[in-house]
Amino acid sequence: MARIRKRSIQLSKLCSFACCRSSSQDEHAQIGQKGYSRVVYCNEPDSQEQIRLRYRGNYVSTTKYTAVNFIPKSLFEQFRRVANIYFLVVACVSFSPLAPYSAPSIILPLVVVIGATMAKEGVEDWRRNLQDIEANNRKVEVYDKSSCSFRQTKWKDLRVGDLVKVCKDEYFPADLLLLSSSYEDVVCYVETMNLDGETNLKLKHALNVTSFYSSAESLKEFRAVIKCEDPNEHLYSFIGTLYFDCQQYSLSPQQILLRDSKLKNTEYIFGVVIFTGHDTKVMQNATDPPSKRTKIERRMDRIIYVLFSTLILVSFIGSLFFGIETNNDLSGGNYTRWYLRPDKTTVFFDPRRPAVAAFLHCLTGLMLYGYLIPISLYVSIEICKVLQSIFINQDQAMYDEEMDRPAHARTSNLNEELGQVHTILSDKTGTLTCNSMEFVKCSIAGTLYGRGMTEVEIALARKRGEQLTEQAPIDASESKKSIKGFNFRDERIMDGKWVSEPQSDVIQKFFRVLATCHTAVPEVMGPDEIMYEAESPDEAAFVIAAREVGFEFFARNQTSIKLRELDPTSGIRVDRVYELLHVLEFSSARKRMSVIVKNPENQLLLLAKGADSVIFERLSKEGRAYEERTKEHIEKYSEAGLRTMAVAYRELDNDEYKTWEQEFLKAKTSVSADRDVLMDELACQIERDLILLGATAVEDKLQKGVPGCIDKLARAGIGIWVLTGDKRGTAINIGYACSLLRHGMKQIVITLELPEILAQEKEGDKEAIAEASLNSIKLQILKAKSQVTEESSTEFGLIIDGKSLTYAMDKNLVNSFMDLAMRCATVICCRSSPKQKAVITRLVKSVTGRTTLAIGDGANDVGMLQEADIGVGISGVEGMQAVMASDFAIAQFRFLERLLLVHGHWCYRRISMMICYFFYKNITFGFTLFWFEAYTSFSGQPAYNDWYMSCYNVFFTSLPVIALGVFDQDVSARLCLKHPLLYQEGVRNILFNWPRILGWMFNGLLSSIIIYFLTTNSITGPAFRKDGQVADYSVLGVTMYTCVVWTVNCQMALSINYFTWIQHLFIWGSIAFWYIFLVVYGSIPPTLSTTAYKVLVEACAPSILYWLTTLLVVIAALLPLLSYRAFQIRFRPMEHDRIQIQRRRPESTEYDATQRRLSESSEARTSSELPSEFKHRCLKKSANIGIASAGLGV
Amino acid sequence: MDTNGATTSSAAGGGSTSKSSSKKHSRKPVYSRFTQQELPACKPILTPGLVISTFTIIGIIFIPLGLVSLSASEKVVEIVDRYDESCVPSDYSNDKLKFIQNPSINKSCVRTLTVPKLMKSPVFIYYQLDNYYQNHRRYVKSRSDKQLRSVSDEKSTKDCSPEDKTVDGPIVPCGLVAWSLFNDTYVFSVNSKTIEVNKHDIAWKSDKEHKFGSNVYPKNFQSGGLIGGAKLNSSVPLSKQEDLMVWMRTAALPTFRKLYGKIEQDLQANEKIQVVIQNNYNTYSFSGKKKLVLSTTSWIGGKNDFLGIAYIIVGGLCLFLAVCFILLYVIKPRPLGDPSYLSWNRSPAGHPN
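In the nomenclature of an unreviewed UniProt entry, chain B is known as ALA-interacting subunit of Gossypium arboreum. Under Subcellular location (unreviewed entry), UniProt gives the following word-for-word description of chain B: "Membrane". The record in UniProt for chain B states the following under Sequence similarities (unreviewed entry): "Belongs to the CDC50/LEM3 family."

If you check an unreviewed UniProt entry, chain A appears there as Phospholipid-transporting ATPase from Gossypium arboreum. Recorded in UniProt under Cofactor (unreviewed entry), the annotation for chain A is "Mg(2+)". Turning to chain A, the UniProt annotation filed under Subcellular location (unreviewed entry) states: "Membrane".

Below, the structure written as structure tokens:
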């Protein structure tokens, strides 16, 4: 057996040498060289040669850590944070005599904090691990040569060269070469949603030579060698050669089945494993979502630096005084404070070397005042953010019934940034619009067909102030069954009546093009029901339209397309088979697609459809009969917000086709890098001299609630940019339809479609054009700017096209352009490419320095989403690619309103309050230590017991802050949406600006002063109990600490706006826990509890003075904030204060305010978009009236 | 696209095959008032009424509390006598250090105190030291709680240096705190009749019972070169050495009082009390003051005017603030929630920046 195998391999090697010589030069140059060195011995995974190559197995691990490296790696991650390093250093130094407190009391909080974060990491990674295990242990059937049959094997045991069988609806376990399938013509259908998010089916086609191996028996003899490219991340390219039976065959992506895509509509396939595990394209594509940091976090870092400086300053002051005091211990040869034994002291307290002692003391100080820096800040924030994300995910108001999809916060660290969005950059198609295309109109042979108004037209009509006839709704009710993707009403064409139209032959050709020129796949669902799987919804709409008119496309295979159409002469439906010769596929660069078919009459036809600009320039002289009128119609359509496509055809000459085909095939099979360019060129060659048939118009329906949402966002003061690939007219109209452009808004259009530029373009001097364009744009921008400055009271909408934009992005112009754009309420960039979208996003972000949010749904938005501060993906029909690149995923554009105005606002508020409060509580605590120091001659003795201190951040003050960070609401969700201007608090960052942060810090300082001085003066000195006992160090510590705990928690209670049982539990629970802690800690033996031993039970609790002092200090420490808040709410109320106050008012006045506001903006609204709140109220009111009148009647 | 891919893609799969999967389980978030953040809540707002009433209530509670505390403090009779200066013979007044450090000089000193008012029993005797840093880190740490507690831990003196051991073995009690034990003594007499000073029960019960062992006896104490303060009777266990316990409860601030004993008889007004002070303790080197304090107590403790005054001040401040706010609201009235003040009415869709 082994010998046979060996020989066959050698044979194949020989073959390959022989064969290669005959093949084309460039292919030979590529394969086997760098980057193209992979060799797969098909069906011989355990041959020596294959093993020697040592390709990776199919085991996949996506975890960040392994069991071995978890501890070191996650620890390393933790200590990348400056604050944590500080605490680690402190913990290490705490073992030295420098430490003001015992080592365990420093290490424990650090361990808790680091442990919590590591546990979180661990759990997340464990989940990934479970997924990996699941994936690795999936079963696949692998060919076993010895038994000539397939046996079940785990995915992870798959090797390169294995032959596998994949059945219907199973996932491919690795990247496979398709050998054969259950279909005779060796095709199979694949769904690649996991890769690129596209839901349509893709057709894969095996080489004809391998089609013979379609049974387990025949596979026994199968031997071949594949030489191909090395693993890479390009999903849509594959270069390789199959050496088989002494021949070589070039392989294309057509034969490759990628891991994680799914076999559909095909019983089974056989394939050879080429790439396994991490070599597969999907794994090569795996990138972590970009890690973004929020503005608040960045500012928080700066605050930490401020605190660090304070810390150093305070320690320095402390050690300065300490140095002086220590120096004084030795005065004139006498030791003054003899009880400290300065004569026999350590270096830390040596009066003979005060400078050294002071320096060392500075280190002690750094540890002692370390409480200024909240150790638990990061972990608390992380906990809060995770919980906030859960709330976002759980929000029912952001759940889409239709798609069964809730909102999903993919990253939790951007929550608060949602509350600060200054500019939204939105994609249009699929984001503002549904991307469910409906065929509504067409122009054939210069005649308009299709009536009925689109939503955009309705909006347009309303804009012009025209009275709407009630025609549209009647129209809609006319049709009994509505077909998805088809909204075309015209009795002249429908139901086979097109036959009697004057130019029925053109109509026939027109719909034949629609029915054949596509890549859709029919799925016969029932006797009269055919579904189409198409690459784009436009395409599906065309096929459906053709079907509805009477050109039913019902079957396709590799080489033919079958239509069932009406024979105009006989009037009966006949099946016609078109032989499909070539498909020249659609690409965004080509903007067109065409097919070459041979019709049953043996005519060679090239059928094309594409963007009007592209098609019109390829028309033949005689094909321009309807050009003028069609152009007119296209203009009209795009004005109505419709997507247009021109349709044309050409009859091909047999000889011309033959020569062309030869070259084309050659180009197709070449493996050179410029293959695509070559193919494009050849396609261009044949796609000329077209004859225009007409144009189609497809409506891209607006998504539900888009206008209302945009209106809200605009009223929240968020600038909205729409970046779209559409034509200007379409874009402007969509702009009106979704209230981006509003009544009374002035339009500024920047364009290069000016006569002088066009004239220059005809001359063709590229440099001259560029210069003229640049100057023109410059002029237009300056003019617009002066206009905006003059009329500062009106709102402006800026419309610019992609070409102009490239000039406006010139580095000399960009600043003035952005300046102009920032002053406009709406900016629409039409005709922009995906790359431009990303560039614009980056520019907006960098020029304004404000938060940008990009929202999009398609693969073309990925760049934009990753570039923006926040990327929001719409999990719509276009699949998951945008969602994968996004930070938040929502199902509908309108959810953005809630995501920003409610969750964003809340999260921003919560996090900023939380951070401010964190600093407050730690400054309060830290400075009481400092004041106490001043009374211990700065010796570094902390005021409190070690364990009180270490529990401060972890137990006594952390839960209320987390509750604040997770649950607090200044106003309810309903009011957030009702008062969008509230959102400006976040945009202007007024809850986290320096005055506010410093204000909180000052408040902390004030609290610490009040606490320290009131406590010491009240309780120390004379006896503090009736039995004559005086307060010692431990009693003062407990009293002061009690006051700190009370004050800090009560301040929290004062600043919380939303008290549920959780807040009550946490705040009062934390205080109660302090007492419980004291009792428990005080009851353990004195060698452990030291100064805390029985201090509450025996000393403090029986003392009335202790309780009186607590009350006094807490109230006194709360007074500053209370009076400030009372003053501020009354005389300088913030937006949320106003709303809170307004909420308290009687119902009727609130209703008035609502009504007044509504009447202001009613022009821009349709009645159906009234807030449900208002409608509800109206109903309630009318119901009340009804009841009242009923009462009167009785 | 790795695992995230796997998770979200399965989600996507659910989307496309929703016909079958939606029946099984919808991914609609479960409604609960908690997850929808609609928990019943109280949302306090600082309305003028609330502000004024809060301040007024605080004022109304605090001022009487302050008055009560002040009167309690007023009832306390306290005699304070500073004796560190006057107990130095005049010929040593320029070199007090020499005086105090010379063991051969007689340190006794007689002071006469006049009782201003009737002092009801018990009258507590305190000594007060000034500028004495019992809270110095070196000092506070220089003790061994283990050693004080049980005889078996006699040798655990690691924090006690330099008063940790002598050539004869470990010092019990070790450390600077014990070593610097206060050693002035007072003998009281009225009309040459000695007043009994009760030195029992001046320490905390927990100290006697748990912190200081009843089988731990002083050892090698004050036997080194430098004598710090008082010596201890090595036949009395530490749990009976109440002066030591009081001293070892380190004070919080550099000025502190410590209990010396109790006089369990009433002292009549205008009685002259003779105190014979053994002025042994050296506070001269760091210019600390020494005071003898006789004080009664009330429910509030000793004479403590500060608390009462502070209460009255805070209460007064609150009342003042309440008045201020009333005036402010009267002078600058604004009906609550007037729509004209609402910013969206001022600038309908304005860009505030």
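Read on for the rest.
Trainee: How do you make sense of the domain arrangement of chain A when you look at a structure like this?
Mentor: The parts lose accessible area when they come together, and the size of an interface is often stated as this lost area. Residue and element names in this part refer to chain A. Each assigned domain of chain A is listed here: domain 1 (158-285), domain 2 (376-386 + 902-1141), domain 3 (387-432 + 701-900) and domain 4 (438-464 + 483-699). Put simply, the middle of domain 3 and the middle of domain 4, counted by C-alpha atoms, are 32 Å apart. With ten residues of domain 3 in contact, the opposing surface of domain 4 contributes 15 residues. For the domain 3 and domain 4 pair, buried surface summed over both sides reaches about 1,100 Å², with 55% attributable to carbon and sulfur atoms. On the domain 3 side of the interface with domain 4, the three residues burying the most area are K701, K727 and N733, jointly 45% of the side's total. Applying the counting criterion to the domain 3 and domain 4 interface returns zero salt bridges. Taken together, the elements giving at least two residues each to the side of domain 3 that touches domain 4 come down to β28 (691-702) and α21 (728-737).

Trainee: Help me out: how do you make sense of the pairing of strand β8 (residues 224-228) of chain A in this one?
Mentor: A regular strand places its side chains on the two faces of the sheet in alternate fashion. All names here are of chain A. Judged by how many residues are buried, β8 sits mostly within the fold: four of five residues are covered. In terms of strand pairing, strand β1 (residues 38-42) meets β8 through five bridges, oriented antiparallel. Note on β8: the bridge partner recorded for R38 is C228. Both β8 and strand β9 (residues 240-244) contribute to a ladder of four bridges, which runs antiparallel. The residue bridging C228 from the neighbouring strand is G240, located in β9.

Trainee: I would appreciate a short explanation of the interface of chain A and chain B in the present structure.
Mentor: Contact residues are listed per partner, giving 137 residues for chain A and 123 residues for chain B. For the pair chain A and chain B, the summed buried area comes to about 11,700 Å², and 62% of that belongs to carbon and sulfur atoms. The largest contributions to the chain A side of the interface with chain B come from W338, Y339 and R1130 of chain A, which together make up 8% of the buried area. Applying the counting rule to chain A against chain B returns four salt bridges. Close ionic contact of R27 of chain B with D404 of chain A constitutes a salt bridge, the shortest N to O distance being 3.8 Å. For the pair chain A and chain B, the number of links is 32 residue pairs in polar contact (both at pLDDT 80 or more). The element contributing the most residues to the side of chain A that touches chain B is helix α39 (residues 1104-1131) of chain A, with 17 residues. Of the residues belonging to the side of chain A that touches chain B, the class tally is 63 nonpolar, 41 polar and 33 charged.

Trainee: Before we go on, may I ask you to explain the sheet that holds strand β10 (residues 272-278) of chain B in this structure?
Mentor: Strand pairing in a sheet takes place through backbone hydrogen bonds and is either antiparallel or parallel in direction. Residues and elements named next belong to chain B. Taken in spatial order, the four strands make up an open sheet running β2-β10-β6-β7, and their pairing is antiparallel. The open sheet has two edge strands, β2 (108-114) and β7 (193-194), and neither has a second partner. Across six bridges, the pairing between strand β6 (residues 185-190) and β10 is antiparallel. Bridge pairing in β10 places T185 opposite Q278.

Trainee: Help me understand the environment of V1048 of chain A in this model?
Mentor: Residue and element names in this part refer to chain A. Take V1048: it is sitting in helix α35 (residues 1033-1055). Between the C-alpha atoms of V1048 and L257, which are 791 residues apart in sequence, the distance is 62 Å. Setting aside its immediate chain neighbours within four residues, V1048 contacts Y917, Y920, K921, T924, Y952 and T957.

Trainee: Whenever I open this one, the environment of M864 of chain A confuses me. Can you help?
Mentor: All names here are of chain A. Position of M864 among the secondary structure elements: in helix α27 (residues 862-867). Its relative accessible area of 0% is what places M864 among the buried residues. Distance from M864 to S570, taken between C-alpha atoms, is 55 Å for residues 294 residues apart in sequence. Discounting residues that sit within four places of it in the chain, M864 has contacts with L425, S426, D427, L723, K837, A838, T841, A854 and I855.

Trainee: Explain helix α23 (residues 766-790) of chain A to me, please; I cannot follow it from the model alone.
Mentor: Because an α-helix completes one turn every 3.6 residues, residues spaced three or four positions apart along the sequence face the same direction. Under the 1.5 Å per step criterion, the end-to-end length of α23 of chain A is 36 Å for 25 residues, consistent within 8% with the ideal 36 Å. Looking at α23 of chain A, one finds that the buried residues are I769, S773, S776, I777, Q780, I781, A784, K785 and V788 of chain A.

Trainee: I keep staring at the packing of helix α29 (residues 895-934) of chain A against helix α34 (residues 994-1019) of chain A and nothing clicks. Help me out?
Mentor: Axis angle and axis distance: for two packed helices, these are the angle between their axes and the distance between the axes, and together they describe the pair. All names here are of chain A. Between α29 and α34, the shortest axis-to-axis distance is 7 Å and the interhelical angle comes to 35°. Considering only the axes of α29 and α34, their crossing is right-handed. In terms of residue class, the contact of α29 with α34 is made up of 17 nonpolar, six polar and one charged.

Trainee: What should I look at first to understand the UniProt feature "transmembrane region" (unreviewed entry) in chain B in this one?
Mentor: Residue and element names in this part refer to chain B. The UniProt record marks residues 45-68 and 306-331 with the feature "transmembrane region" (unreviewed entry), using the residue numbering of this structure. Split by type, residues 45-68 is 88% helix and 0% strand. Its first and last C-alpha atoms lie 33 Å apart. Between the C-alpha atoms that bound residues 306-331 there is a distance of 36 Å. The span itself is 100% helix and 0% strand.

Trainee: What should I look at first to understand the nonpolar core in this one?
Mentor: Soluble, globular proteins show a tendency: their nonpolar side chains are buried together. The biggest cluster of nonpolar side chains holds 151 residues, and the ones touching the most others in it are F919, F925, Y944, Y948, Y1041 and W1074 of chain A together with F55 of chain B. Residue contributions to this core peak at 17 residues, all from α29 of chain A. Ignoring sequence-local partners within four residues, the contact set of Y944 of chain A consists of F925, T928, L929, M949, Y1033, G1037, M1040, Y1041 and V1044 of chain A. In terms of nonpolar packing, the next biggest core, distinct from the first, is built from 65 residues, L340 of chain A together with M119, V216 and W247 of chain B among them.

Trainee: What is the right way to look at the state of the cysteines in this model?
Mentor: Disulfide: a covalent bond connecting the sulfur atoms of a pair of cysteines. Going through the model one piece at a time under the given rule, you end up with two disulfides over all chains. Between C160 of chain B and C174 of chain B runs a disulfide, and the two sulfur atoms are separated by 1.9 Å. Of the two residues, C160 of chain B sits in the loop between α6 (145-149) and β4 (165-166) while C174 of chain B sits in the loop between β5 (169-170) and α7 (176-179), which places them 14 residues apart along the sequence. No difference in accessibility class separates C160 of chain B from C174 of chain B, as the two residues are buried. Each bonded cysteine of chain B gets a number by its place in the sequence, and the pairs then read 1-2, 3-4. Here C42 of chain A is not cross-linked by a disulfide; its sulfur's nearest cysteine counterpart is in C228 of chain A, at 9.6 Å. Judged by its relative accessible area of 0%, C42 of chain A falls in the buried class. Left unpaired, C1050 of chain A is separated from the closest cysteine sulfur, that of C1043 of chain A, by 11 Å. Assessed through its relative accessible area of 11%, C1050 of chain A is described here as buried.

So, how was this worked out
- Residues numbered from 1 in each chain as written.
- Chains lettered and ligands numbered in written order.
- Predicted model: local features only at pLDDT ≥ 70, side-chain atom pairs only at ≥ 80, totals over all residues.
- Heavy atoms only, no water.
- UniProt positions renumbered as here; feature names shortened; annotations may be inferred.
- Domains from an automatic or database assignment.
- Contact = heavy atoms within 4.5 Å.
- Buried area = accessible area lost by both parts, 1.4 Å probe.
- Salt bridge = Lys/Arg side-chain N within 4 Å of Asp/Glu carboxyl O.
- Helix = DSSP H or I, 4+ residues; strand = E, 2+ residues; numbered from the N terminus.
- Buried < 20%, exposed > 50% of the residue type's maximum accessible area, 1.4 Å probe, protein only.
- Pairing = 2+ DSSP bridges.
- Polar contact = N/O pair within 3.5 Å; in protein donor to acceptor, adjacent residues only side chain to side chain.
- Nonpolar A, V, L, I, M, F, W, Y, C, P; charged D, E, K, R; others polar.
- Expected span 1.5 Å × (residues − 1).
- Axes fitted to C-alpha atoms, helices over the stretch in contact; angles between N-to-C directions.
- Left-handed = near helix turned anticlockwise from the far one by under 90°.
- Core = buried A, V, L, I, M, F, W, Y, C linked by side-chain atoms within 4.5 Å.
- Disulfide = S-S within 2.5 Å.

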